[in-house]
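Listed here are the chains, written in short residue letters.
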Amino acid sequence: MLRRRLVNISSNFSNFIEPSTQVYNGFKNKISYGKILTYKSKHTYLVEEKKVENEFESGKNYNTFTYRTHTCGELRPVDNGQRVRLCGWVQYLRLSKFLLLRDSYGVIQCIVNNGGINFNNIPIESVVLIDGVVTLRPSNMINSKMDTGEIEIAIDNLEILNIANKLPFNLRDHQKPKEQLRLQHRYIDLRFPEMQNNLRLRSSILHKMRKFLVEKHGYVEVETPTLFCRTPGGAREFIVPTHYSGLFYSLVQSPQQFKQMLMAGGIDRYFQVARCYRDETTRPDRQPEFTQLDIEMSFTNLDYVLSLIEKLLYETFTMQIPEPPFKRMTYQYALENYGTDKPIIAYDLKLKNISSLFNKDSNTTINAFALPYPIEVGKLSAKYKEKINALKHKYNVKIILNENISKELSNEMENNIHANLLGDYSLIVAIGEKDKVCTCLGEIRILLAEVLQTKGLIKMKESTEPFWVVDFPLFVNGDNGLETCHHPFTAPHPNDLHMLDTEPLKVRSLAYDIIMNGNEIGGGSVRVHNVDLQEKILQMLKIDASKLSHFINALRSGCPPHAGIALGIDRLMTIACGADSIRDVIAFPKSHEGKDPLSGAPNVINDDDKKYYHISVMK
């Protein structure tokens, strides 16, 4: 595509840049190459541009407000003869003649063109500035593995901007250090290309989400406080001491109360890229501090919220996903077929309810489920049997492996189960409390999928398919009575309100989770806006409503019906980047122990601070 436009060339670089050879408008392959057509004024030219498209966004100049003229990943053979200035890190030195220079956008080879230049004593990862001329490599020296492999820079001048001391590890993919060392020196680890890509992709997706919400649908971005009061009935929160004796803040586990109060305040379309804090055990998909895209809106319902998120993801997520509407499954269906409320649906391996076979001649109710799998697997290895045995004890259920079914049940029962499944399968049978049986088999299902995949006995879908899980229970049984399945502000399903007093565990909620690749990437609900219903639910959960008086008063003031959702940005980005852990998509994450290897936090405070904050440390 050719087009013409006026380009202003700053006089500061008139003796360094050849304006007739290139007008830069992107990086890597997305570059606008131009030639002068007409001289207009001292620094303005009419140029003709040719756009070369690829995966990078156009219209971005990465060399404005900096004294470099180009990035290390930008130059191509069309720039032959161009005088350039590059800045970056020394990645490799060879034969006192060749230098590989790297920046955030790529790598380029530089070659000595001046006998007075000596870089023998420059340590790797030192920062340098190079002035030189773009030259074509000899045809037999072209490196097809490098984006800039057809050219090199003949160095006229090299200036060392900062000498690097010996680093704790090298920046080489085949020599990557252990994660603990990488986190301890994260400022070096961030130089790896994948970390650069992950953080830039994260920035790009969040920018697109903001544009979608603000420019297309009129949402208002509102920042809410991080320091708040303790939220009863939720996850464990971090406590922040103050210099007022006996008084503490809590770090918010989410902006839940604030965004609902914004609805009461008439901010009918709110969103926020919110920092959240929970004092919980860390996992590969969980950090003590994390980021979510928090959304709330008034005068809406479940279907509208789901439609909003479907369109948001379809338009902003970088991986290919199905066109909306997304599939939905109920919580009960997910539990009984996959053994979890966040199932992996990339492969066909489902649980089967065989309880009816055990309850024909009995007055008691027996919950029994089977997990059928291809008979070609044969006997499971001792390693997998050991894992299954650990799960059996974890959930306190009876597990019967395929080879033991006739022995522990009967030949007749084994035949009945196979007849019920309409096929020739190996089986794992679980008997016990229904939710525990299903959950246990759900974890075994994941173990079996590993075995089947290594043996080529299961077909994995390649596409990423988000879907919804709906109709969660409003309450679950806890150690001290009823507990909320989501949070205490979730609205009951209107069709189940008649059971709220008599059979609360059967009441469904208007909650919803969005699942992708076995991860819950978001969740939300229609909220309770009726103050009487809210106070009743708090009473059923044994939560002191007086501690939420600010919130109750907001509902009582004339709060409209409203609903919302929060997307877990860290989990979503882990999928988008193909990363193994959310730590790979966070600039400065905590370790798997919830600690900061970079600074050593959390750490001790001195006696003066303890006195000021009225803290006494128990040992």
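Look above for the structure.
Anyway, here's the lowdown on the structure attached to this text. (Residues numbered from 1 in each chain as written. Predicted model: local features only at pLDDT ≥ 70, side-chain atom pairs only at ≥ 80, totals over all residues. Heavy atoms only, no water.)

1. A word on the nonpolar core
Then step 1. Membership of the largest hydrophobic core comes to 60 residues, with the highest contact counts inside it found for Met209, Leu293, Ile295, Ile309, Leu313, Trp468 and Tyr512.
Then step 2. In contact with leucine 293, other than residues within four places in its own chain, are Met209, Leu213, Phe271, Gln272, Val273, Leu312, Ile565, Ala566, Leu567 and Ile569. (Core = buried A, V, L, I, M, F, W, Y, C linked by side-chain atoms within 4.5 Å. Buried < 20%, exposed > 50% of the residue type's maximum accessible area, 1.4 Å probe, protein only. Contact = heavy atoms within 4.5 Å.)

2. Focus: the packing of helix H6 (residues 331-338) against helix H11 (residues 434-454)
Then step 1. Put simply, H6 and H11 touch, their axes get as near as 7 Å, and they point 60° apart. It follows from the interaxial angle that H6 and H11 lie oblique. Contacts from Gln332, Leu335, Glu336 and Tyr338 in H6 reach Lys434, Asp435, Cys438, Thr439, Gly442 and Arg445 in H11.
Then step 2. Across the contact of H6 with H11, the residue classes break down as 3 nonpolar, 3 polar and 4 charged. (Axes fitted to C-alpha atoms, helices over the stretch in contact; angles between N-to-C directions. Helix = DSSP H or I, 4+ residues; strand = E, 2+ residues; numbered from the N terminus. Parallel < 35°, antiparallel > 145°, perpendicular 65-115°, else oblique. Nonpolar A, V, L, I, M, F, W, Y, C, P; charged D, E, K, R; others polar.)

3. What to know about the sheet that holds strand E11 (residues 239-241)
Then step 1. The sheet built from 3 strands is open, its strands ordered E10-E12-E11 with antiparallel pairing. Because the sheet does not close on itself, it has two edges, and the strands there are strand E10 (227-228) and E11.
Then step 2. Inspection of the sheet shows E10 paired to strand E12 (residues 248-251) by 2 bridges, in the antiparallel sense. Counterpart to leucine 227 in the pairing with E12 is leucine 251. (Pairing = 2+ DSSP bridges.)

4. Quick notes on the side chain of aspartate 570
Then step 1. With respect to the helices and strands, aspartate 570 occurs in helix H14 (residues 569-577).
Then step 2. The exposure class assigned to aspartate 570 is buried, which follows from its relative accessible area of 4%.
Then step 3. When near neighbours in sequence (up to four residues on either side) are disregarded, aspartate 570 contacts Arg202, Phe290, Thr291, Ile582, Val585 and Ile586.

5. Description of the packing of aromatic side chains
Then step 1. Applying the stated criterion across every chain, the model contains 6 aromatic pairs.
Then step 2. Here phenylalanine 228 and phenylalanine 258 contribute two aromatic rings whose centre-to-centre distance is 4.3 Å and whose plane-to-plane angle is 45°, an arrangement assigned as tilted. Pair noted here: phenylalanine 228 is in strand E10 and phenylalanine 258 is in helix H4 (residues 256-264), with a separation of 30 residues, a long-range link.
Then step 3. Overall, phenylalanine 228 belongs to the buried group, its relative accessible area being 15%.
Then step 4. When the ring of tryptophan 468 is compared with that of tyrosine 512, the centres are 6.2 Å apart and the planes differ by 85°; the resulting orientation is edge-to-face. Remark: tyrosine 512 occurs in strand E23 (residues 511-516) and tryptophan 468 occurs in strand E20 (residues 467-470); sequence separation between them is 44 residues. For the pair shown, tryptophan 468 and tyrosine 512 are each scored as buried.
Then step 5. Lysine 176 extends its terminal NZ or CZ atom over the ring of phenylalanine 192, reaching a point 4.7 Å from the ring centre.
Then step 6. The residue whose ring lies beneath lysine 387 is tyrosine 384, and the NZ or CZ to ring-centre distance is 5.3 Å. (Phe/Tyr/Trp six-rings, centres within 6.5 Å; stacked < 30°, edge-to-face > 60°. Lys NZ or Arg CZ within 6 Å of the ring centre and 35° of its normal.)

6. Re the environment of lysine 459
Then step 1. Mapped onto the secondary structure, lysine 459 falls in the loop between H11 and E20.
Then step 2. For the pair lysine 459 and tyrosine 347, spaced 112 residues apart in sequence, the C-alpha separation works out to 6.1 Å.
Then step 3. Apart from the residues within four sequence positions on either side, lysine 459 is in contact with Ala346 and Tyr347.

7. A few points about unusual backbone geometry
Then step 1. In this chain, proline 324 is followed by proline 325 through a cis amide linkage whose omega measures 5°.
Then step 2. That bond from alanine 601 to proline 602 is cis: its omega, 0°, falls within 30 degrees of zero.
Then step 3. Locating proline 602 in the fold gives a position in the loop between H14 and helix H15 (607-612).
Then step 4. Of note, aspartate 471 is a non-glycine position whose phi angle comes to about 60°, a positive value.
Then step 5. In this fold, aspartate 471 is placed in the loop between E20 and strand E21 (475-478).
Then step 6. Under the relative-accessibility criterion, aspartate 471 is labelled partly exposed at 22%.
Then step 7. Positioned with a positive phi, asparagine 517 is a non-glycine residue whose angle comes to about 55°.
Then step 8. Tracing the backbone shows asparagine 517 in the loop between E23 and strand E24 (519-526).

8. Some details on the environment of lysine 385
Then step 1. With respect to the helices, strands and loops of the structure, lysine 385 is situated in helix H8 (residues 382-395).
Then step 2. With sequence-adjacent residues up to four places away left out, lysine 385 is seen in contact with Leu380, Leu401 and Glu403.
Then step 3. A polar atom in the side chain of lysine 385 sits 3.1 Å from the side chain of glutamate 403. (Polar contact = N/O pair within 3.5 Å; in protein donor to acceptor, adjacent residues only side chain to side chain.)

9. Structural notes on the pattern of salt bridges
Then step 1. Summed over the entire model, instances satisfying the criterion amount to 32 salt bridges.
Then step 2. Of the charged contacts, one joins glutamate 296 and arginine 527 as a salt bridge, the two residues approaching to 2.9 Å between their closest N and O atoms. Residue glutamate 296 is found in strand E14 (residues 289-298), and its partner arginine 527 is found in the loop between E24 and helix H12 (531-540); the two are separated by 231 residues along the sequence.
Then step 3. Using a relative accessible area of 3% as the deciding quantity, one classes arginine 527 as buried.
Then step 4. Residue aspartate 341 is joined to lysine 342 by a salt bridge in which the shortest nitrogen-to-oxygen separation is 3.6 Å.
Then step 5. Aspartate 341 gets classed as partly exposed once you look at its relative accessible area, which sits at 24%. (Salt bridge = Lys/Arg side-chain N within 4 Å of Asp/Glu carboxyl O.)

Don't take any of this as a statement about function, it's just geometry.
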